[in-house]
Amino acid sequence: MIAPAKISADFIVHNLASVVVFPEPYRGQGTVPGWRTEELKNASIASREGVIVWVGPAARLSEEVHVEANARFCNGCGLTAVPGFVDSHTHLVYAGDRSDEFEMRVQGRSYLDILAAGGGILRTTEAIRNLPEDLIFVEALERLEQVMQTGVTTIEIKSGYGLDLENELKMLRVIDRLRDESLMRIVPTFMGAHAIPADRRADPEAFVDEICRVWIPEVARLELAMFNDVFTESKAFSVAQSRRILETGLEHGLRAKIHADEVNVLGGVDLAVELGAVSADHLLMTGAEGIEKLKGSGVIPTVLPGTSTYLMESHHAPARKMIEAGLPLAIASDHNPGSCQFLGATIIQALAMLQLRLSASEALIAGTLHAAHALGFGEQIGAIEPGRRMDLALFPGDSFRQIGYQAGSSRVEALIVGGVVAIDRF
Ligand code: NIG
Ligand code: FE
């Protein structure tokens, strides 16, 4: 009998204590996700040219995998491999300090009141306009390095603190430089419609008109963003304004994302479904009707438990109801200088469990595979499976259940992005 040809690999992580796989992964629009995880004990993972080619028991590696000459061979002893986390919603590029607002909120002022009084997003806008691009870049790069320590391999970053063309482009250029400098996979989102700056308040329609006629075409021409996001909220952008902004983005090849139902239910979820947005985010106030609309729509409901905690909301997004309804729930950090300073994936895993009452398996799937779908990469990343990118977060211990349990203190031993070792303590 002829022995079956072995699979060739140029990168192996061998003898892992545990490898977490998803037996029933979400398969896209109209399908219902499975929420089970399985832990393969004493397992190995092999990849070639950055793509996973084999996952199986360590003892079978030499039988089934041909290790190419010059392959990198890492010892995974005592480590657990999970898919690299995907943080699909962040405002990681910013400047300045809003710790006073943090205290004001503790004393009872609301987020929207602070924004209406010229604080909030508008204060960060002032700081961004005043800080040189190089310094904004350095600060963001430092944050990014901390995020990596929590196991994130893919991160989305939004503009939205420039709020004029010059400064929106400045933010997007910083994000572009981060893409060049960092080993992480970085996904840029344009969010010119994040707030209405004080000097444009007299005529918000003219501001929206400028975003649509000038900013979006320019951002698209310079290829500085993949997505177009809008804050659909009273005191920010109405549904009609949001529709125009998101439709203009679609015409220019920018897929839609939306901040919906964070404080008030205005109709952002309906708009997301109508436009085929890749995700609808926040959803703190979303009720049964909104959940019904999201069913089968392909829009990924993304909830941000760090934000509802940080804003001391009396309740959190109805994540359990979304899971029960068969929705492919995702979670993300929303890291930003005002409404959520929690940074990275591990604390969000913990908060998803503590506040949203997700199981450890649900939190992991929501923060990896489903978050990958929230960026349109649901077939390429987000799970440890042949055919997907070799994106791994390796944590100490023999189970992924330690990650949320350790409530934000867990740190990776190694991080691998597309087969490249980005953090290495092997
Ligand atoms: O997603 N809600 C709007 N935008 C951000 C907050 C930004 C800020 O406060 O600086 C959010 O929570
Ligand atoms: Fe946000």
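Small disclaimer: the values here were computed from a predicted structure and weren't measured.

*Asks:* Could you give an account of the site of ligand 1, naming the residues involved and the relevant values?
*Replies:* Near ligand 1 there are 15 residues, and of these Tyr111, Tyr161, His194, Glu262 and Ser339 occur at the shortest range. Separating an oxygen atom of ligand 1 from a side-chain N or O atom of histidine 259 is a distance of 3.1 Å. A distance of 2.8 Å separates a nitrogen atom of ligand 1 from a polar side-chain atom of glutamate 262. In the complex, 100% of the free accessible area of ligand 1, which totals 320 Å², lies under the protein chains. Taken atom by atom, the bulk of ligand 1 overlaps the largest cavity. Grouping the constituent residues of the shell around ligand 1 by class yields four nonpolar, eight polar and three charged.

*Asks:* Kindly report on the pattern of salt bridges, identifying the contributing residues and their values.
*Replies:* Enumeration according to the criterion identifies 28 salt bridges in this entry. Glutamate 292 is paired through a salt bridge with lysine 295; the nearest N and O atoms lie 3.3 Å apart. Look at lysine 295 and you get partly exposed, because its relative accessible area is 38%. Each member of the salt-bridge network shares a partner with another, and the members are Arg98, Asp100, Glu101 and Arg123.

*Asks:* How would you explain the environment of leucine 40 if you had to name every residue and give the values?
*Replies:* Take leucine 40: it is sitting in strand β2 (residues 38-48). Along the chain, leucine 40 and proline 57 lie 17 residues apart, while their C-alpha atoms are 7.4 Å from each other. If we ignore the near neighbours within four places in the chain, the residues touching leucine 40 are Ala17, Ser18, Val19, Val21 and Val55.

*Asks:* Explain the domain arrangement of the protein chain residue by residue, including any values.
*Replies:* Structurally, the protein chain comprises domain 1 (7-83 + 383-424) and domain 2 (85-373). Contact with domain 1, which involves 40 residues of that partner, is made by 35 residues of domain 2. For the pair domain 1 and domain 2, the summed buried area comes to about 2800 Å², and 71% of that belongs to carbon and sulfur atoms. Here domain 1 and domain 2 share one salt bridge between them.

*Asks:* Describe in detail empty space enclosed by the protein, supporting the description with residues and values.
*Replies:* For the structure on display, the rule yields four cavities of 30 Å³ or more. Considering only enclosed or pocket space, the largest cavity measures out at about 90 Å³ in volume. Contributing to the lining of the largest cavity are 14 residues, with His91, Tyr111, His194, Asn336 and Ser339 lying nearest its centre. Considered class by class, the residues forming the lining of the largest cavity number four nonpolar, seven polar and three charged.

Calculation notes
- For every chain, the first residue of the written sequence is number 1, and numbering continues from 1 along that sequence.
- All chains are assigned letters beginning at A, and all ligands numbers beginning at 1, according to the order in which they are written.
- Under the rules for a predicted model, residues below a pLDDT of 70 receive no local features and side-chain atom pairs below 80 are neither given nor counted, while totals for whole chains, interfaces and linings still include all residues.
- Hydrogens are left out, water is left out, and the side-chain values use all remaining heavy atoms of the structure.
- The nearness test applies per residue and asks whether one of its heavy atoms lies within 4 Å of the molecule or strand.
- The term polar contact refers here to a pair of N or O atoms within 3.5 Å; inside protein, the definition further demands a hydrogen-donor-capable atom paired with an acceptor-capable atom, and it admits residues adjacent in sequence only when both atoms are side-chain atoms.
- Surface accessibility follows the Shrake-Rupley procedure with a 1.4 Å probe radius. Residue values consider only the protein chains on display as shielding.
- Every definition here rests on a 1 Å grid over the protein atoms only: cavities are sets of points where a 1.4 Å probe fits but cannot get out, pockets are open sets enclosed by protein on both sides within 12 Å along at least five of seven lines, and lining residues have some atom within 4 Å of a point.
- Whether a molecule sits in a cavity or pocket is decided by its atoms, more than half of which must lie within 2 Å of the grid points.
- All amino acids are sorted into three groups, where Ala, Val, Leu, Ile, Met, Phe, Trp, Tyr, Cys and Pro are nonpolar, Asp, Glu, Lys and Arg are charged, and the leftover types, Gly among them, are polar.
- Salt bridges are defined as contacts in which a side-chain nitrogen from Lys or Arg sits within 4 Å of a carboxyl oxygen from Asp or Glu.
- Relative accessibility under 20% of the residue-type maximum defines a buried residue, over 50% an exposed one, and the middle range a partly exposed one, all with a 1.4 Å probe and only protein chains included.
- Only DSSP runs of H or I with at least four residues qualify as helices, and only runs of E with at least two residues qualify as strands; both kinds are numbered from the N terminus onward.
- Between two residues, a contact is recorded if the distance between any of their heavy atoms is within 4.5 Å.
- Domain delimitation in this document rests on an assignment produced automatically or drawn from a domain database.
- Buried area: the accessible surface (1.4 Å probe) lost by two parts on joining, summed over both.
- Grid points are joined across faces, edges and corners, and a volume is the space filled by probe spheres set on the points.

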